[in-house]
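Survey of secondary and tertiary structure
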Amino acid sequence: MKVQLTKLAHARSGDKGDTANVGLIALREDAYPILVREVTAERVKQHFRGACHGDVERFDLPNLGALNFLLHESLGGGGTLSLMTDAQGKTFSTALLRMEIEVSDDEARKLELN
Amino acid sequence: MKQTIRIAAGQGFWGDLPDAPVRQVEGGPIDYLMLDYLAEVTMSIMQKQKARDPNAGYARDFIPLMKRILPACVERDIKVTANAGGVNVRGCANALIEVARELGLAGKVRIGIVTGDDIMSRIDELLSRGIELRNMDTGEPLSAVRDAIQSANVYLGAAPLVEALKQGAQIVITGRATDTGLTLAPLIHEFGWASDDWNHLAAGTIAGHIIECGAQCSGGNCQFEWRSIPDLANVGFPIAEASPDGTFVITKHEGTGGRVNIPSVKEQLVYEMGDPHEYITPDCVADFTTIRLQDDGRDRVRVFGIEGRPATEFLKVSISYSAGYKAVGTLVYAWPDAYEKAQAADKILRARLERLGLQFEHTLTEFVGANATHGALAGEPRADAPEVQLRVGVRGQDRAAIERFTKEIAPLILTGPPAVTGFAGGRPKVEEIVAYWPALIPKKEIEPKVEVLDA
């Protein structure tokens, strides 16, 4: 079944120059492997098409049950150069949580998503 | 040696809640108060202030704040680390000495000052020796913007602050020091951590990272169960309660609002994160993939297991330069067809700008209420939206062109689509853009200076 990330994770995002970072954190320990499997750098790049003009990198933090994404060339030049309302990338966090991922019925049952 | 040191964060940025540091001092026991004032482009603002007035160029708010808390700090031996000195550390120290004397604390306060971060006057000499100060993000050499440079400061680490504390400073004022160093320095000083004790230095650095954004780790801007976070009106700023073994607890004063729990700390840990294996500071390289968190009771999270590696041979330089001008104009369109009207107004505006022959490096239109934050991910805007704000920004080198743009917004009210309002603020302001140029410099080029003055 399709599940929106907001059911499995919380997130915080910020900026470094023209790069937005999104830290995606599993709400439960057993949701983390699903994030690792489903929320790949490629899928995130695809999700943010039109908004992220550079590469997407992913770093794994199993100790925190978290993934960190770097979305390059996403902030209209970044910092004071940017004309965007969200020049600091603060709302990329919830934009990522809009993503829908595939979860097996078994996983959905264990995660009490039904 | 004390077995626990409590370091309280009082400001997450210059402009944070003015009373937060006072509440940290008065709300319960602390040993140190850490105040971070410097954002990336703050130095250039201060450089301009100093050009107009040689006594200015530091975080002015720091002085009235110290006036309020200095007596309590002296009485209870609370030490303060603050990068409030900006581009005029000495001016800041002199103002503080004056305040101490006014309060009858002459002879009772020692003030440490850390300088040597300002390399503005050395730029040409460095470039001539082949130190190119290339932009870390774009790879461009600094010579590309040489004439537009407004400030250049090296991020200093904890070491000079430790030296100031060792010489008996109660208040340590720095210019461009890292925000993590403001927290790490007291721990090195109190616990005697060696300069190559990478795991402990990494632990103190991560403690600094967690508390440096103030309440953003204690319930502010927290997505996890945000509705249930109690009493944010009275939010408690964070305190790192550190031990000599490099473990620490993140907590806040009793009786304050907000919440410290594992999710709130995790959210702050991933904030502005790059490669988690390599969080590089002047003091060490901290590895965020080694951090362990444990619930330690209500509003307490224990942090342990942190590992670090040797510091690099470089320091980061924060250079600011003039990069042209920008302006943003807004108008609000009401139901019915608010989004469609805002779109029509944007088309009219752009046609007029084109007829005027104005050239911009960048023009951006956003529809606030429809897609300004999440873009296409927000889906097709609702046809029955109660209102949509049209927001158009332009950027360029030609100030006159930007100025002309600002005169084209208000006329849309009488010459464009109907049911429009939201122009009470007058013409948009033309802003000078001061942009940020991050670069690296070999550590051996920089010699921080430490002095301790008596009030």
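Shown above is the structure to which this text applies.
Structural notes, computed from the coordinates.

Rules used throughout
- Residues numbered from 1 in each chain as written.
- Chains lettered and ligands numbered in written order.
- Predicted model: local features only at pLDDT ≥ 70, side-chain atom pairs only at ≥ 80, totals over all residues.
- Heavy atoms only, no water.
- Buried < 20%, exposed > 50% of the residue type's maximum accessible area, 1.4 Å probe, protein only.
- Helix = DSSP H or I, 4+ residues; strand = E, 2+ residues; numbered from the N terminus.
- Contact = heavy atoms within 4.5 Å.
- Phe/Tyr/Trp six-rings, centres within 6.5 Å; stacked < 30°, edge-to-face > 60°.
- Lys NZ or Arg CZ within 6 Å of the ring centre and 35° of its normal.
- Pairing = 2+ DSSP bridges.
- Patch = residues over 30% accessible without salt bridge, like charges linked within 9 Å, V, L, I, M, F, W, Y side chains within 5 Å.
- Areas by Shrake-Rupley, 256 points an atom, 1.4 Å probe, with all protein chains shown as cover.
- Salt bridge = Lys/Arg side-chain N within 4 Å of Asp/Glu carboxyl O.
- Polar contact = N/O pair within 3.5 Å; in protein donor to acceptor, adjacent residues only side chain to side chain.
- Buried area = accessible area lost by both parts, 1.4 Å probe.
- Nonpolar A, V, L, I, M, F, W, Y, C, P; charged D, E, K, R; others polar.
- Core = buried A, V, L, I, M, F, W, Y, C linked by side-chain atoms within 4.5 Å.
- Right-handed = clockwise from strand over helix to strand, strands pointing away.
- Disulfide = S-S within 2.5 Å.
- Axes fitted to C-alpha atoms, helices over the stretch in contact; angles between N-to-C directions.
- Parallel < 35°, antiparallel > 145°, perpendicular 65-115°, else oblique.
- Left-handed = near helix turned anticlockwise from the far one by under 90°.

1. Considerations on helix 2 (residues 42-52) of chain B
- By the burial criterion, the buried members of helix 2 of chain B are T42(B), M43(B), S44(B), M46(B), Q47(B) and Q49(B).
- Here the buried face of helix 2 of chain B lies against strand 5 (149-154), strand 14 (314-334) and strand 18 (431-442) of chain B.

2. Quick look at the packing of aromatic side chains
Residue and element names in this part refer to chain B.
- Here the structure, examined in full by the defined rule, presents 7 aromatic pairs over all chains.
- On the basis of an interplanar angle of 45° and a centroid distance of 5.6 Å, the ring pair of F191 and W193 is categorised as tilted. The same class applies to F191 and to W193, which are both buried.
- A cation sits over an aromatic face here: R302 above F304, 4.4 Å from the ring centre.

3. What to know about the pairing of strand 4 (residues 56-61) of chain A
Residues and elements named next belong to chain A.
- When strand 4 meets strand 5 (residues 66-71), the two strands line up antiparallel, connected through 6 bridges. Bridge assignment links D60 to a residue of strand 5, and that residue is L67.
- Where strand 4 folds back onto strand 5 in an antiparallel hairpin, the turn is made up of 4 residues, including G65, whose phi is positive at roughly 60°.

4. Considerations on a nonpolar patch on the surface
Residue and element names in this part refer to chain B.
- On the surface, a cluster of nonpolar side chains totalling about 270 Å² of accessible area is made up of M136, F314 and L440.
- For F314, the position within the fold is in strand 14.
- Given a relative accessible area of 40%, F314 falls into the partly exposed group.

5. A few points about helix 9 (residues 262-269) of chain B
Residues and elements named next belong to chain B.
- Among the 8 residues that make up helix 9, 7 are buried, leaving the element largely enclosed by the rest of the structure.
- Within helix 9 the residues assigned to the buried category are P263, S264, V265, K266, E267, Q268 and L269.
- A side-chain oxygen of the first residue of helix 9 lies 2.9 Å from the backbone nitrogen of S264; this N-cap is N261.

6. Brief notes about the interface of chain B and chain A
- Tallying the contact residues gives 45 residues for chain B and 36 residues for chain A.
- The contact between chain B and chain A buries some 3,400 Å² in all, and 56% of this surface belongs to carbon and sulfur atoms.
- Summed over the shared surface of chain B and chain A, the number is 1 salt bridge.
- Among the ionic pairs, E267(B) bridges to R12(A), the shortest N-O distance being 3.3 Å.
- Here chain B and chain A share 30 residue pairs in polar contact (both at pLDDT 80 or more) between them.
- Contributing elements (two or more residues each) for the side of chain B that touches chain A: helix 9, strand 11 (292-295), strand 14, strand 15 (362-368), strand 16 (387-396) and strand 18 of chain B.
- Across the side of chain B that touches chain A, the residue classes tally to 22 nonpolar, 13 polar and 10 charged.

7. Notes on the nonpolar core
Residue and element names in this part refer to chain B.
- Judged by nonpolar contacts, the single largest core of 75 residues is most densely connected at I250 and I441.
- Among the elements that make up this core, the one with the highest residue count is helix 8 (residues 198-211) (7 residues).
- Apart from residues no more than four positions distant in its own chain, I441 is found in contact with I119, L126, I131, L133, V154, E313, F314, L315, V317 and I446.
- A8, L33, L70 and I113 belong to the second-largest nonpolar core, a separate cluster that totals 41 residues.

8. Let's talk about the pairing of strand 2 (residues 32-35) of chain B
Residues and elements named next belong to chain B.
- Going residue by residue along strand 2, you find Y32 and M34 tucked away on one face and L33 and L35 tucked away on the opposite face as well.
- Handedness of the β-α-β unit built from strand 1 (residues 5-11), helix 1 (residues 20-26) and strand 2 comes out right-handed.
- Pairing between strand 2 and strand 3 (residues 79-82): 4 bridges, direction parallel. Across the sheet, residue L33 finds its bridge partner in strand 3, namely V80.

9. Notes on the state of the cysteines
All names here are of chain B.
- Evaluated as defined, the whole model comprises 0 disulfides over all chains.
- No disulfide involves C73; its sulfur sits 14 Å from that of C92, the nearest cysteine.
- Of all cysteine sulfurs, the one in C213 lies closest to C217, which takes part in no disulfide; the gap is 8.5 Å.

10. Quick look at the packing of helix 7 (residues 179-191) of chain B against helix 8 of chain B
Residues and elements named next belong to chain B.
- Orientation of helix 7 relative to helix 8, taken along the N-to-C sense of each, is 135°, at an axis distance of 7 Å. Considering their axes alone, helix 7 and helix 8 lie oblique with respect to each other. The two elements helix 7 and helix 8 cross, and the hand of that crossing is right-handed. Contacts between helix 7 and helix 8 involve T180, T183, L184, L187 and I188 from the former and L201, G204, T205, A207, G208, H209 and I211 from the latter.
- Among the residues forming the contact of helix 7 with helix 8, the class breakdown is 6 nonpolar, 6 polar and no charged.

11. So, the sheet that holds strand 9 (residues 279-280) of chain B
Residue and element names in this part refer to chain B.
- In space, the 3 strands of this open sheet follow the order 9-10-13, with antiparallel pairing throughout. For this open sheet the edge positions go to strand 9 and strand 13 (307-309), each flanked by a neighbour on one side alone.
- Lying on the sheet, helix 8 is in contact with strand 9, strand 10 (285-287) and strand 13; it crosses strand 13 at an angle near 110°.

12. Structural notes on the sheet that holds strand 4 of chain A
- A sheet is described by the order of its strands in space; here 4 strands give the open sequence 2-3-5-4 (chain A), paired in antiparallel fashion. For this open sheet the edge positions go to strand 2 (9-16) and strand 4 of chain A, each flanked by a neighbour on one side alone. The mean inter-strand angle of the sheet, taken between neighbouring strand axes irrespective of direction, is 20°.
- Sitting on the sheet, helix 9 of chain B touches strand 2 and strand 3 (19-26) of chain A, and the angle it makes with strand 2 of chain A is about 30°.

13. Notes on the pattern of salt bridges
Residue and element names in this part refer to chain B.
- With the rule as written, the count across this model stands at 34 salt bridges over all chains.
- Ionic pairing is found between D296 and R300, a salt bridge with its closest N-O pair at 2.9 Å.
- Under the relative-accessibility criterion, D296 is labelled partly exposed at 31%.

14. A few points about unusual backbone geometry
- In this chain, W335(B) is followed by P336(B) through a cis amide linkage whose omega measures 0°.
- Of note, P336(B) is situated in the loop between strand 14 and helix 10 (338-355).
- Despite not being glycine, E73(A) shows a phi value in the positive range, around 50°.
- Within the fold, E73(A) resides in the loop between strand 5 and helix 3 (92-97).
- Of note in this structure, E225(B) is not a glycine but carries a positive phi near 50°.
- Turning to its location among the elements, E225(B) is positioned in the loop between helix 8 and strand 7 (239-242).

Any functional reading would require information that these geometric values do not contain.
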